[in-house]
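Here's the letter readout for the chains.
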Amino acid sequence: MAKATTLTTDRRIRREITITGIVQGVGFRPFIHRLAQKHGIAGTVHNFTGGVVIEAEGQPEAVAAFIGDLPREKPPIARIDDITVVELPALGDAEFVITPSREAAGGTILLSPDVAMCDDCLRELFDPDDRRYRYPFINCTNCGPRFTIIQSVPYDRPNTTMRPFSMCRHCQAEYDDIGDRRYHAQPNACPVCGPEVELIFGDERCSADEAIEQAIELLAAGKIVAIKGLGGFHLACDATSQDAVQELRRRKGREEKPLAIMSTSLEEMESYCHLTEEAQELLTGAIRPIVLLKKRTSVIAPSVAPDSKYYGVMTPYTPLHHLLLADDRLPALVMTSGNLSEEPLATQNDEARGRLAHIADGFLLHDREIEIGCDDSVVRPTKLGPIVMRRARGYVPFPVTLKRDLGRVLAVGGHLKNTFCLTDGRNAFLSQHIGDLEDANTLDYFQWCVDHLQDVLRVEPELIAHDLHPDYLSSHYAQRLAEERGLDAVAVQHHHAHIAACMAEHAAVGPVLGIACDGTGYGADGTVWGCEILLSDYDDYTRAAHLEYVPLPGGEQAIKEPWRVAAVYLHRQGLLDADIDFCHNLDRPRWRLLEQMIEKNINCPSASSAGRLFSAVSALVGLRSVDAYEGQSAMMLEAAATDAEGVYSYEITESDGMLVMSPGLMFVEIVADLEAGKDTGEISVRFHNTFVAMVGDAAVRVAKKTGIKQIAMSGGTFQNELVLHGLPQRLTEVGLEVLIHQETPPNDGGLALGQAVVASARNY
Ligand SMILES: [Zn+2]
Ligand SMILES: [Zn+2]
């Protein structure tokens, strides 16, 4: 035997193959094992902190074929970033084995996001002969929880919240069997040994199938149930019951935001929204985000999304969801985040039972701990491809891979819709959606998430980036952290960060013309910016154009009450006595107070904000005079638009090389249209056309002046489909190239990436 081995080693070669990318927790080692057997390869494979190392020994042709098959046949959710091959002397190994994980210095760890349940597991879930029949925690190497259960690395069961569950004999056998789909599936479990569900309803408690049955009963009877999922709790109710949905809204407080809907069958979805092919792919893939789709008139309760022309829809992504929605009585469930407004998601059983007690009638809990919260992601399919609006479950912690090496930067993001970003070389790890950093609770959660990500990625930042705004909690945190660690803290202007994020995503060389349109961002001159054309590079920018400033009487209050800004615009044009509803209904005494504030310049910050302009028009045409949530009035204006044509007048003036976009004339014409009794939808679409024309014209003028032909668009206004489609169309028609976010959100959810890019460019 020994002799035979020696003989065959003559022609044998051995190669060390190091693979980096997303290769842990995705069934990679079993795949390597199978591939080795297929090609008659001996040797070893093991995980190390930065990826996977294979030592492959065999005939030269076989080793070459083995290496060639690696990228071609990799598991569906794996991602290979790099393969390096080093020659080793042949050792004469007789077989291929998986050896224990090793720790190694250096190398970025890429962890897998949570993955929606696969078809094989789905089949088993509903197979009465399967030992996991109707077991709500079924998973395998191709699916199941990952990021939300990982406590530390390497990704092995003792380092996850599955540690308390010892596998039974059957599960252990699967786990150890290289030929099994559950080989080294860390969350592997069954009804005998794994987590359990429990339903709590008043004084009643029940578990297993009875709990699921009871939850279905409650939901079908119009009750509200808090359901523990992968990365947090959902509040669920029957989406076809107007009473149930209204009750949910009533208990959640003044909450009026659109609610997400979950349905199992695409046919069912087709009955209440327009399903495109692209949307179907998103709804049935491994990520399964919430997909924004145009509504149809249907059985869905009107109060699910009253302000929007879209529904946010998703398909079940955990076995528990599948079990709940398999019942005919529940064709569609409202599944909204289990939190109040923008506070962090509830993830722990006790926490949820406390915080959601006044909202939920029942609690469907389980005993697998959620290590870290992660919301549902939101994606909008557009003519320009799908755009990620909220990047969380299914994406995080996959990095955005950049062309430039950023070093190790921690960027803390902005104020609203906060995410942060940790970079390591060319990998930018944009965090899951955290929420609005307005109170100590959210800040605590934010800090915990920052620490957790640093721990599991083993990345210690060398540089801190934050927003230019001096009063943001995130800015304070960044400065404190920098001081503690003796690091530099770089302040990055809000809209420059937006543009830099878009540039980085597309690896733009720069300079570009950045069009940044959103609600508010602290300007370099201390005013509120929000409709800006910036001549941008990674390290710096020059402001080339902006929307004409208007005072915001009352500051924050003017943001929440769009009627104030509408009155300011009308006042400027001398139109406050026009014969229109807005003027008839205007609270004159309050307006006079605001007028005095403007005259004396008390708490009246100047703003060049696109968001305020949209809100003002919304208030003027009678859609919404006070916002119940951020962006509501603008969303309603978009929803109102018909497909009429036409455009209002506007002016672009120049002083000291700066272009100023003035929509004053538009207000004169809108008032005339209102006086003539024109339809709100018609006015809305003309307003959108005017905005696109005005910003487009300004951009073209700057492009001509500077010779720059590449445009990067970013900011929350690009969530508006009319702007998102209209502006690129106008700009590409005149030969300009337009870059728009795809992988990262155009709203403030993508801001941290831009901060990291700018800080790194300035510092290195
Ligand atoms: Zn599976
Ligand atoms: Zn078991």
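Each value, and the rule that gives it
- Residues numbered from 1 in each chain as written.
- Chains lettered and ligands numbered in written order.
- Predicted model: local features only at pLDDT ≥ 70, side-chain atom pairs only at ≥ 80, totals over all residues.
- Heavy atoms only, no water.
- Donors = N, O, S within 2.8 Å, 3.2 Å for Na, K, Ca; no water.
- Tetrahedral: all angles 85-135°; square planar, octahedral: opposite > 155°, others 65-115°.
- Helix = DSSP H or I, 4+ residues; strand = E, 2+ residues; numbered from the N terminus.
- Buried < 20%, exposed > 50% of the residue type's maximum accessible area, 1.4 Å probe, protein only.
- Patch = residues over 30% accessible without salt bridge, like charges linked within 9 Å, V, L, I, M, F, W, Y side chains within 5 Å.
- Areas by Shrake-Rupley, 256 points an atom, 1.4 Å probe, with all protein chains shown as cover.
- Salt bridge = Lys/Arg side-chain N within 4 Å of Asp/Glu carboxyl O.
- Lys, Arg positive; Asp, Glu negative; His and termini not counted.
- Charge placed at Lys NZ, Arg CZ, Asp CG, Glu CD.
- Pairing = 2+ DSSP bridges.
- Contact = heavy atoms within 4.5 Å.
- Domains from an automatic or database assignment.
- Axes fitted to C-alpha atoms, helices over the stretch in contact; angles between N-to-C directions.

A. Geometry of the coordination of the zinc ion (ligand 2). At this site the zinc ion (ligand 2) is bound by Cys168 (SG), Cys171 (SG), Cys190 (SG) and Cys193 (SG), with donor distances of 2.2 to 2.3 Å. Metal-centred angles of 103 to 119 degrees between the 4 donor atoms at the zinc ion (ligand 2) mark the site as tetrahedral. Between consecutive donor residues of the zinc ion (ligand 2), the sequence gaps follow C-x2-C-x18-C-x2-C. You can see Cys171 sitting in helix α5 (residues 169–176) and its partner Cys190 sitting in the loop between α5 and β6 (197–201), a full 19 residues away along the chain. The exposure class assigned to Cys171 is buried, which follows from its relative accessible area of 0%.

B. Representation of the coordination of the zinc ion (ligand 1) within the structure. In the first shell of the zinc ion (ligand 1), the protein supplies Cys118 (SG), Cys121 (SG), Cys140 (SG) and Cys143 (SG), at 2.3 to 2.4 Å from the metal. If you look at the zinc ion (ligand 1), its 4 donor atoms make angles of 104 to 119 degrees with each other, and the shape they trace is tetrahedral. Coordination of the zinc ion (ligand 1) draws on donor residues from a single chain, spaced C-x2-C-x18-C-x2-C in sequence. Of the two residues, Cys140 and Cys143, neither departs from the other in class, the shared state being buried.

C. Up close: a negative patch on the surface. Residues Glu196, Asp350, Asp367 and Glu369 make up a contiguous surface patch of negative charge. Turning to its location among the elements, Asp350 is positioned in helix α11 (residues 349–355).

D. Summary view of the pairing of strand β27 (residues 606–609). Examined bridge by bridge, strand β24 (residues 528–536) and β27 share 3 bridges and lie parallel to one another. Across the sheet, Val528 pairs through a bridge with Ala607, a residue of β27. The sheet contact formed by strand β26 (residues 550–551) and β27 spans 2 bridges and is antiparallel. Paired with Val550 across the strands is Ala607, a residue of β27.

E. The arrangement of the side chain of Glu124 in detail. Within the secondary structure, Glu124 sits in helix α4 (residues 119–125). The class for Glu124 is buried, based on a relative accessible area of 16%. Not counting residues up to four positions away in its chain, the partners in contact with Glu124 are Asp130, Arg132, Tyr133, Ile138, Arg181 and Arg182.

F. Inspection of the domain arrangement of the protein at higher detail. For the protein, the domain assignment lists domain 1 (2–98), domain 2 (119–176), domain 3 (197–366), domain 4 (402–503 + 749–763) and domain 5 (518–538 + 543–746). A separation of 51 Å is found between the C-alpha centroids of domain 2 and domain 5.

G. Structural view of unusual backbone geometry. In this chain, Val153 is followed by Pro154 through a cis amide linkage whose omega measures 0 degrees. Mapped onto the elements of the fold, Pro154 is located in the loop between α4 and α5. In the segment running from Val396 into Pro397, the intervening peptide bond is cis, with an omega of 10 degrees. By the secondary structure assignment, Pro397 is in the loop between β16 (385–390) and β17 (400–401). Of note in the backbone geometry, Arg134 takes a positive phi value of approximately 55 degrees without being a glycine.

H. Layout of helix α20 (residues 632–640). The complete set of buried residues in α20 reads Gln632, Ser633, Ala634, Met636, Leu637 and Glu638. Of the surrounding secondary structure, the elements contacted by the buried residues of α20 are β12 (310–314), β15 (378–382), α16 (562–572), α19 (610–620), α22 (680–706) and α23 (721–733).

I. Seen up close, the sheet that holds strand β7 (residues 204–207). Pairing is mixed in the open sheet, where 11 strands are placed in the order β7-β6-β14-β8-β9-β13-β10-β12-β11-β15-β16. Of all the strands in the sheet, just β7 and β16 have a single pairing partner and so form its edges. Taking the axes of each pair of neighbouring strands and ignoring which way they run, one obtains an average angle of 30 degrees across the sheet. In the packing of α23 onto the sheet, the strands contacted are β11 (290–294), β12, β15 and β16, and the crossing angle to β15 comes to about 45 degrees.

J. Summary view of the environment of Gly555. If you trace the backbone, Gly555 turns up in the loop between β26 and α15 (556–560). Spatially, the C-alpha atom of Gly555 lies 9.7 Å from that of Val528, the residues being 27 residues apart in sequence. In this view, Gly555 contacts Asn603 and Pro605; residues no more than four positions away in its chain are not counted.

K. Seen up close, the pairing of β24. Burial analysis of β24 places 8 of its 9 residues in the buried class, the great majority of the element. Here strand β23 (residues 512–522) runs beside β24; their pairing, made up of 8 bridges, is antiparallel. In the strand pairing of β24, Cys517 is matched with Cys531. A loop of 5 residues connects β23 with β24, the two strands running antiparallel in sequence, and Gly526 in this loop sits at a positive phi of about 85 degrees. Bridge count for β24 against strand β25 (residues 541–547) is 5 bridges, and the pairing is antiparallel. Of the residues in β25, the one forming a bridge with Leu534 is Arg543. The turn joining β24 and β25, which pair antiparallel and follow one another in sequence, is formed by 4 residues.

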